[in-house]
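# Examining the three-dimensional arrangement
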Amino acid sequence: MKAFVKRYLAALVSLVAFGVFIASFARWREAAVANLWFQARTMLLVVPPIFILLGLIDVWVPRERMIKLMGSGSGARGAALAFGLGSFAAGPLYGAFPFAAVLMKKGASFNNILIFIGAWSTTKLPMLLFEASALGARFALSRLAIDIVGIALIAWAMNLALPAAEREKIYANAAAMD
Amino acid sequence: MDTIALYLLAVAGLAASALKDRKKTGMALKKAFKAFEGILPQFLVVLVLVSISLAVADQASISKVLGEGSGFIGILGASLIGAVTLIPGFVAFPAAAALLRGGAGVTQVAAFVSSLMMVGVVTLPMEMRYFGRRAALMRNALAWLFSLAAAFFVGWAVSL
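Given the structure is predicted, the values throughout are model-derived calculations rather than measurements. (Residues numbered from 1 in each chain as written. Chains lettered and ligands numbered in written order. Predicted model: local features only at pLDDT ≥ 70, side-chain atom pairs only at ≥ 80, totals over all residues. Heavy atoms only, no water.)

### Considering the overall build of chain B
So the rule is basically this: For the purposes of this entry, the term helix denotes a DSSP run of H or I that reaches at least four residues, the term strand denotes a run of E that reaches at least two, and both are numbered from the N terminus. Values of the radius of gyration come from C-alpha atoms, whereas the globule rule sets the reference at 2.2 Å times the count of residues to the power 0.38. In this scheme, a residue with accessible area under 20% of its type's maximum is buried, one over 50% is exposed, and one in between is partly exposed, where area comes from a 1.4 Å probe on protein chains only. Whether two residues are in contact is decided by their heavy atoms, any of which lying within 4.5 Å being enough.
Along its length, chain B carries 7 helices and 0 strands. For chain B, the α and β elements follow one another from N to C terminus as α-α-α-α-α-α-α. Radius of gyration (C-alpha) of chain B: 20 Å, far over the 15 Å computed for a compact globule of 160 residues. Considered along the principal axes of its C-alpha atoms, chain B spans approximately 60 × 30 × 25 Å. Looking at chain B as a whole, 51% of its 160 residues qualify as buried. Once local pairs closer than 6 in sequence are excluded, the contacts in chain B between residues at least 24 apart make up 75%.

In structure tokens, the structure reads:
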């Protein structure tokens, strides 16, 4: 019970803060409540299949296999796979984090995890068509091109800047999430 | 639309898994639920942050920043708004198109779209839960800086 309260304390505080917010700012009340409803619905809709898929990956994909596919020795093919996985994934960025945790747990390299997160956030292929029709093909394609460069750059910089000990901590944390 | 594909994939995966091994499928579902419950507290925090930030930064105030404040301040403002909001693409793109038609600069709109996708200030509680404070903050800072560079590139490419 105590552990439960401790875990959910921040959530409870935010919900109370939300109540205080809509009570004190009448001009934003309606929009805030509508947003809460919309976002909660999106999350409840998108989240179940993501977690089911990562549960299936966790159970069925052997660690040796994942290391071979996306581990530190997987080279350009591993990076391409990480990029493809991220690009075809659906849903908001927060869906990528638990997915990344399972991939780390199974032995994917940190570099590939960063590429996966980057691809998930910016290079959604179905969204690209939509973006091109709304903002023009030139806008969408040049954004895609520069963002692919950005994904690689950010992965490279983070690999360089993050100490090995911190990286190990992240992997230990992912392994403990069972 | 891609949510349906996601469901089809999950259902197909579950069916294939159940045909092969009932017990393992049960384990997968159990793990799925545990993983979900593990992130639920951060989820709720993010939910509240998103709802409030989107209410305050509504389309009218966004277009005010992007429209009048052209130049670097407008770009900076656009990327900051993009960083703290969480809008799905199918809502963001038509909104961005409306901003363009309303006279906002391409670079400003590109800054907004780029940081909207790459930077997630409101989802930081979740990102930190998986990646730790340091890596999460670093990724978002780098992504934000990069979104500025991307905006200039897109602005230039469209003007060609």
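More follows now that the structure is in view.
### Concerning the interface of chain A and chain B
Threshold: Throughout, buried area stands for the accessible area (probe radius 1.4 Å) lost by two parts on being put together, summed over both. For this analysis, a salt bridge means a side-chain nitrogen from Lys or Arg found within 4 Å of a carboxyl oxygen belonging to Asp or Glu. Under the rule applied, a polar contact is a pair of N or O atoms within 3.5 Å (in protein, one hydrogen donor and one hydrogen acceptor; residues adjacent in sequence only if both atoms are side-chain atoms).
Contacts between chain A and chain B engage 74 residues on the former and 73 residues on the latter. Note on chain A versus chain B: buried area summed over both sides is about 6,800 Å², and carbon and sulfur give 79% of it. Lysine 31 of chain B is the partner of aspartate 58 of chain A in a salt bridge, and the nearest nitrogen-oxygen pair spans 3.6 Å. The interface formed by chain A and chain B holds 10 residue pairs in polar contact (both at pLDDT 80 or more) in total. The set of elements that each furnish at least two residues to the side of chain A that touches chain B consists of α1 (2–24), α2 (26–60), α5 (96–105), α6 (110–122), α7 (125–135), α8 (137–161) and α9 (164–176) of chain A.

### A short note on the packing of α1 of chain A against helix α2 (residues 22–56) of chain B
The line we're drawing: Lines fitted to C-alpha atoms define the axes here, with helix axes fitted over just the stretch in contact, and angles between the N-to-C directions of these axes take values from 0 to 180 degrees. Convention used here: angles under 35 degrees read as roughly parallel, angles over 145 as roughly antiparallel, angles from 65 to 115 as roughly perpendicular, and any remaining angle as oblique. Should the near helix be turned anticlockwise from the far one by less than a right angle, the crossing is termed left-handed; should it be turned clockwise, right-handed. Charged residues are taken to be Asp, Glu, Lys and Arg, nonpolar residues to be Ala, Val, Leu, Ile, Met, Phe, Trp, Tyr, Cys and Pro, and polar residues to be all remaining types, Gly included.
The contact between α1 of chain A and α2 of chain B brings their axes to 8 Å, and the two run at 20 degrees. In terms of orientation, α1 of chain A lies roughly parallel with respect to α2 of chain B. The two elements α1 of chain A and α2 of chain B meet at a crossing, and its hand is left-handed. Residue-level inspection shows Arg7, Tyr8, Ala10, Ala11, Ser14, Leu15, Phe18 and Phe21 of chain A of α1 of chain A in contact with α2 of chain B, the latter providing Glu37, Gly38, Leu40, Pro41, Leu44, Val45, Val48, Ser51, Ile52 and Val56 of chain B. Residues of the contact of α1 of chain A with α2 of chain B, tallied by class, amount to 13 nonpolar, 3 polar and 2 charged.

### Details of the packing of α5 of chain A against α6 of chain A
All names here are of chain A. In the contact formed by α5 and α6, the axes pass within 10 Å of each other and the chain directions differ by 160 degrees. Relative to α6, the element α5 is oriented roughly antiparallel. In this structure, the crossing between α5 and α6 has a hand that is right-handed. Counted together, Ala96, Phe97, Phe99, Ala100, Leu103 and Met104 of α5 and Ile113, Phe116, Ile117 and Trp120 of α6 form the full contact between these two elements. Its residues assigned to classes, the contact of α5 with α6 shows 10 nonpolar, no polar and no charged.

### Concerning the pattern of salt bridges
Taken as a whole and judged by the stated rule, the model has 8 salt bridges over all chains. Of the charged contacts, one joins aspartate 58 of chain A and lysine 106 of chain A as a salt bridge, the two residues approaching to 3.8 Å between their closest N and O atoms. You can see aspartate 58 of chain A sitting in helix α2 and its partner lysine 106 of chain A sitting in the loop between α5 and α6, a full 48 residues away along the chain. Here the two residues aspartate 58 of chain A and lysine 106 of chain A agree in accessibility, since each one is buried. In the salt-bridge network here, residues are joined through shared partners; they are Asp58, Lys105 and Lys106 of chain A together with Lys31 of chain B.

### Brief notes about the packing of aromatic side chains
To keep things clear, this is the line we draw: Only the six-membered ring of Trp is used, alongside the rings of Phe and Tyr, when aromatic pairs are assigned; centres must lie within 6.5 Å, and planes under 30 degrees apart are stacked while those over 60 apart are edge-to-face, with the rest tilted. Our definition puts a charge over a ring when NZ of Lys or CZ of Arg is within 6 Å of the ring centre and also within 35 degrees of the ring normal.
In the structure shown here, the tally under the stated rule is 14 aromatic pairs over all chains. Here phenylalanine 99 of chain A and tryptophan 120 of chain A contribute two aromatic rings whose centre-to-centre distance is 6.0 Å and whose plane-to-plane angle is 55 degrees, an arrangement assigned as tilted. Remark: tryptophan 120 of chain A occurs in helix α6 and phenylalanine 99 of chain A occurs in helix α5; sequence separation between them is 21 residues. Note on phenylalanine 99 of chain A: relative accessible area 11%, which makes it buried. For tryptophan 120 of chain A, a relative accessible area of 2% corresponds to the buried category. Taken together through their ring pairs, the aromatic side chains of Phe51 and Tyr94 of chain A together with Phe36 and Phe43 of chain B make up a single cluster. Seen from the ring of tryptophan 60 of chain A, lysine 24 of chain B lies directly overhead, with NZ or CZ sitting 4.3 Å from the centre.

### Focus on the environment of methionine 117 of chain B
Among the secondary structure elements, methionine 117 of chain B is positioned in helix α6 (residues 106–118). The contact partners of methionine 117 of chain B, leaving out residues within four places of it in the chain, are Leu93, Ser121, Thr122 and Arg143 of chain A together with Phe93 of chain B.

### Observations regarding the environment of alanine 155 of chain A
Residues and elements named next belong to chain A. Positionally, alanine 155 belongs in helix α8. Through-space distance from the C-alpha of alanine 155 to that of tryptophan 37 is 35 Å; in sequence the pair is 118 residues apart. Not counting chain neighbours up to four residues away, the residues in contact with alanine 155 comprise Asn111, Leu114 and Ile115.

### Some points on the nonpolar core
Test applied: Nonpolar cores are built from buried Ala, Val, Leu, Ile, Met, Phe, Trp, Tyr and Cys residues. Side-chain atoms within 4.5 Å join them into one set. Each domain span listed reflects an automatic or database assignment of domains.
By size, the foremost hydrophobic cluster in this structure holds 90 residues, and its most contacted members are Phe116 and Ile117 of chain A together with Val113 and Phe131 of chain B. Looking at which domains feed residues into this core, each of domain 1 (1–46) and domain 2 (61–176) of chain A supplies at least three. What valine 113 of chain B contacts, discounting residues up to four positions off in sequence, is Glu131, Leu135, Phe139 and Arg143 of chain A together with Phe93 and Ala96 of chain B. Trp28 and Ala32 of chain A together with Val48 and Ala55 of chain B belong to the second-largest nonpolar core, a separate cluster that totals 8 residues.

### Observations concerning the domain arrangement of chain A
Looking at the assigned domains, one finds that chain A contains domain 1 (1–46) and domain 2 (61–176). Each of domain 1 of chain A and domain 2 of chain A has a C-alpha centre, and the two are 30 Å apart.

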